[in-house]
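Below are the chains, spelled out letter by letter.
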Amino acid sequence: MKYFYNITFLLFSLAASAQEDIDTLQVKQDFKPTGIRFGTDLLSIARSSYDKTFKGWEVSADVDFYRYYFVVDYGSWGREFRSDTSNYSNNGSYFRVGADVNFLTKDPDRNMFFFGLRYGRGTFDENLSIVNSDPVWGPLDGDFRNERVRASWFELTTGLRVKIWKMIWMGYTARLKFALNTSSTPDMLPFDVPGYGRADEESYWGFNYQIFVRIPVKKQL
C-alpha cells in the first residue's frame, strides 16, 4: 500500500511539474487525433495472481480530439466463492465506451487530469450450488443457474495519465459505478456482475492502475 501511494504521489508531481513548465505556452486547438494509446490494468493482473476468488484482465484504448478523449475498455472477469454449504461461480466479459475531458490543456505532452463518463455492458453466466443439512427437514440441495445474463450501467470517472518515458504512459482511473440494470433472471437474483461488482449495491467504486503505449498518428503542433 505504501508503494501504491508513493507511485500515485509521483504521478501527481510529474503532472504538476509539467503543467508549471509549459503554463505560458499556447497549444493550438486542433481536433484532429494525434495518437492512440493502448494499455492494460495492472491491478487486475496482480489480483489474479494473489486472489483465489478472482480471475480477470482488462485492456483499454483511447484517442485524442484536442482535450477530449474517446475511450474503449474491454475485460474478462470470473469469480468463485466456496463454503461448507454453498459454491458460487461466474464467468463473463464486459466493455465500456465513453469520453474523458482533459483539464491540462496547455501541455504539449498531453499529460492528463481528467473527468469522464462511461457506459458499461457485460454478459455472463453464474451458478450457485447449495448443499445443506437441516436437523428438521434433512438434506437441502439446490442448483441454480443464470445463463447469458446481460447487464448495463454507467460510470463517472476521474484520474491521471502521465508520460513516463518516450511512448510509455502510466496513470490511474477511479470509477463511481451506478444505475445497474440486468436482464430477466428467473432462477436467482444476480450476485456479482463482471465489470461492475456486487449486484446488490446501488453504486460501486472501482479503481484501475494502468500502463499504456502511445502510437503517434500525426505530428503534434
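Presented here is an overview of the structure given in this document. Note that the coordinates shown come from a computational prediction; the quantities given were computed from them, not determined experimentally.

### Some remarks on the overall build of the chain
Looking only at helices and strands, one finds 2 helices and 10 strands in the chain. When the helices and strands of the chain are placed in sequence order, the string is α-β-α-β-β-β-β-β-β-β-β-β. Summarising the internal contacts of the chain: among those between residues at least 6 apart in sequence, 65% fall at separations of at least 24. As displayed, the chain has an accessible area near 12700 Å², and 61% of this comes from carbon and sulfur atoms.

### Focus on unusual backbone geometry
Despite not being glycine, Arg-110 shows a phi value in the positive range, around 60°. Here Arg-110 shows up in the loop between strand 4 (86–102) and strand 5 (112–134). Phi is positive for Ala-179, close to 60°, though the residue is something other than glycine. With respect to the element layout, Ala-179 can be found in strand 7 (residues 168–182). Look at Ala-179 and you get partly exposed, because its relative accessible area is 44%.

### A closer look at the nonpolar core
Listed in full, the 9 residues of the largest apolar core are Phe-54, Trp-77, Tyr-94, Phe-124, Val-149, Ala-151, Trp-153, Val-193 and Tyr-196. The greatest single-element share of this core, amounting to 3 residues, is contributed by strand 6 (residues 138–165). Contact partners of Tyr-94, with chain neighbours within four places excluded, come to Trp-57, Glu-58, Asp-73, Tyr-74, Gly-75, Ser-76, Trp-77, Arg-121, Gly-122, Trp-153, Pro-194 and Gly-195. Judged by nonpolar contacts, the second largest core, of 5 residues, contains Val-162, Met-170, Tyr-172 and Tyr-209.

### Details of the environment of Gly-75
Along the chain, the position of Gly-75 falls in strand 3 (residues 68–82). When its relative accessible area of 0% is taken as the criterion, Gly-75 is described as buried. For the pair Gly-75 and Arg-96, spaced 21 residues apart in the sequence, the C-alpha separation amounts to 9.0 Å. Other than its neighbours up to four places away in sequence, Gly-75 contacts Trp-57, Glu-58, Gly-92, Ser-93 and Tyr-94.

### Some points on the packing of aromatic side chains
We describe a pair of aromatic rings using the distance from one ring centre to the other and the angle between the two ring planes. Counted according to the given criterion, the structure contains 13 aromatic pairs. Measuring from centroid to centroid gives 6.0 Å for Phe-81 and Phe-191, while their planes differ by 90°, and the two rings are edge-to-face. Pair noted here: Phe-81 is in strand 3 and Phe-191 is in the loop between strand 7 and strand 8 (192–193), with a separation of 110 residues, a long-range link. Of the residues examined, Phe-81 reaches a relative accessible area of 28% and is grouped as partly exposed. Among the residues examined, Phe-191 registers a relative accessible area of 33% and is labelled partly exposed.

Criteria and cut-off values
Residues numbered from 1 in each chain as written. Predicted model: local features only at pLDDT ≥ 70, side-chain atom pairs only at ≥ 80, totals over all residues. Heavy atoms only, no water. Helix = DSSP H or I, 4+ residues; strand = E, 2+ residues; numbered from the N terminus. Contact = heavy atoms within 4.5 Å. Areas by Shrake-Rupley, 256 points an atom, 1.4 Å probe, with all protein chains shown as cover. Buried < 20%, exposed > 50% of the residue type's maximum accessible area, 1.4 Å probe, protein only. Core = buried A, V, L, I, M, F, W, Y, C linked by side-chain atoms within 4.5 Å. Phe/Tyr/Trp six-rings, centres within 6.5 Å; stacked < 30°, edge-to-face > 60°.

These figures capture arrangement, not role.
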